[in-house]
Amino acid sequence: MPRNDIAVVGAGLVGALVATLLTQRGFRVTVYEKRPDPRKAGFLGGRSINLALAERGLHALRATGLADQVLAQAVMMRGRMVHDPAGHSGLQRYGVDDSEVIWSVSRGGLNTLMLDAAEAAGATIHFDQGLASADLEHGTLTLRAADGSERTVDAPVVIGADGAGSALRAEMHRHAPLGERVEELGHGYKELEIPPGKDPSAPFAIERNALHIWPRGHYMCIALPNREGSFTVTLFLPNDGEHPSFRTIAGAGAAEAFFRTEFPDALDLMPDFAKDWAEHPVGSLATLYLDRWHIGGRALLIGDAAHAIVPFHGQGMNCGFEDAAELARLFEQMPDADMGTVFAAFEASRKPNADAIARMALENYVEMRDKVADPHFLRMRELGGLLAQRSPTHYLPRYRMVTFTHLPYAYALERGQAQDTLVEQLLRGHDDVATIDLDAAVRTLEATLPPLPL
């Protein structure tokens, strides 16, 4: 293979995007995907069918010309619609207005668009070609077809975008240990569905432009809207331990009784609850950490293959897309550098940010299942919102930094901690935000923290 040839393992969302971006920059990209072509065989599930698309992901998609097409298939979510145990609900906006929203997108529909874009850019995609082994010393990949037959191809440079269970990562680790560790969350998830209503003019049974949350302390339900009017409902629950846990809820009958007690308003909207519960497996949740993402200039991991995270900040796909955009930018910025230098620069640039969003995603689980109903958290949120209005140069809520800007994740984590410390100090002795002298609070803020690098 000539020096500008790159093999990509995995034709999912990140693999398709990096293939597009690198092909646009003059590389000859060949992608190998173990699954059949979803455009012909239909999308094969196994992972969440809904994804939250935010500004970081949109920014990467704009470079491919796909952003408008993707948004045409998406449903806008203005904020969290929080449902309390008594059946009341209220919207907590993500941003200041409809310019700061996230989007619920179908994984299958998005993957189809992105495969078309990769091929239109000039990438070659081979389906039904799973990675059986990799000889990184000699630059070859052995691929296994669905019928079990194998073939070996030249691939002196290979990028692994094959997800949390990456086959390329396993081969790289066999070649040279990557310092891999996986931290299980101890909670799992099960997907259910609120189907569309029978009235085609009003198919959404609950507010369509929101991410719905039923927070209950150590567990929760969420629901994301789909274009046709359904909602994908996900229950997050401890795997083991005292009730409620997936261990203590033995079957659909016990699950229905649990929902009748904890989520009765959601259960009333799920006529196929028992069938969904019986048919859908419990998914696992974990965070992947690696010390190394690349082996010289021969192999590099990106996206979930390098840094799989739990889904509670809605940033897994967005972070992977940002990876692809950053790698393409580095190739453009360093046209004369060898592959090893580019891969090392990519790891140095992205690893601190991947570690930061992994931590923030874990923290956001606690926020979603517990804090959104906590009075002190709500006071902190209210005061933070007022400071952001009064002094937008010095205060931006962490969620908005992560979701609506391109500020590095590592910066958002550090700045968010500093802002929280300050807001805690300003709230001390106040049970009501209205009793705080906001002019003095702004002066304290601007004297304590430097301006935001916006």
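Definitions and limits used
Residues numbered from 1 in each chain as written. Predicted model: local features only at pLDDT ≥ 70, side-chain atom pairs only at ≥ 80, totals over all residues. Heavy atoms only, no water. Pairing = 2+ DSSP bridges. Helix = DSSP H or I, 4+ residues; strand = E, 2+ residues; numbered from the N terminus. Contact = heavy atoms within 4.5 Å. Axes fitted to C-alpha atoms, helices over the stretch in contact; angles between N-to-C directions. Phe/Tyr/Trp six-rings, centres within 6.5 Å; stacked < 30°, edge-to-face > 60°. Buried < 20%, exposed > 50% of the residue type's maximum accessible area, 1.4 Å probe, protein only. Lys NZ or Arg CZ within 6 Å of the ring centre and 35° of its normal.

(A) How the structure looks around the sheet that holds strand β18 (residues 294-295). Spatial strand order, β8-β2-β1-β12-β19-β18: six strands in an open sheet with mixed pairing. For this open sheet the edge positions go to β8 (124-126) and β18, each flanked by a neighbour on one side alone. Inspection of the sheet shows strand β1 (residues 5-9) paired to strand β12 (residues 158-160) by three bridges, in the parallel sense. Bridging from a neighbouring strand, Ala7 pairs with Val158 of β12. Along the sheet face, helix α1 (residues 13-24) touches β1, β2 (28-32) and β12 and points at about 165° away from the line of β2.

(B) Quick look at the packing of aromatic side chains. As enumerated under the stated definition, the model contains 18 aromatic pairs in all. For the ring pair Tyr219 and Phe263, a centre distance of 6.4 Å and an interplane angle of 90° mean the geometry is edge-to-face. Here Phe263 lies in the loop between α7 (252-262) and α8 (264-267) and Tyr219 lies in the loop between β14 (211-215) and β15 (220-225), a separation of 44 residues in the sequence. Since its relative accessible area comes to 10%, Tyr219 is described here as buried. Taken together, the aromatic side chains of Tyr219, Phe246, Phe258, Phe259, Phe263, Phe273 and Trp277 make up a single cluster linked through ring pairs. A cation sits over an aromatic face here: Arg80 above Tyr399, 5.5 Å from the ring centre. Of note, Arg181 hangs over the ring of Tyr289, and the distance from its end group to the ring centre comes to 4.4 Å.

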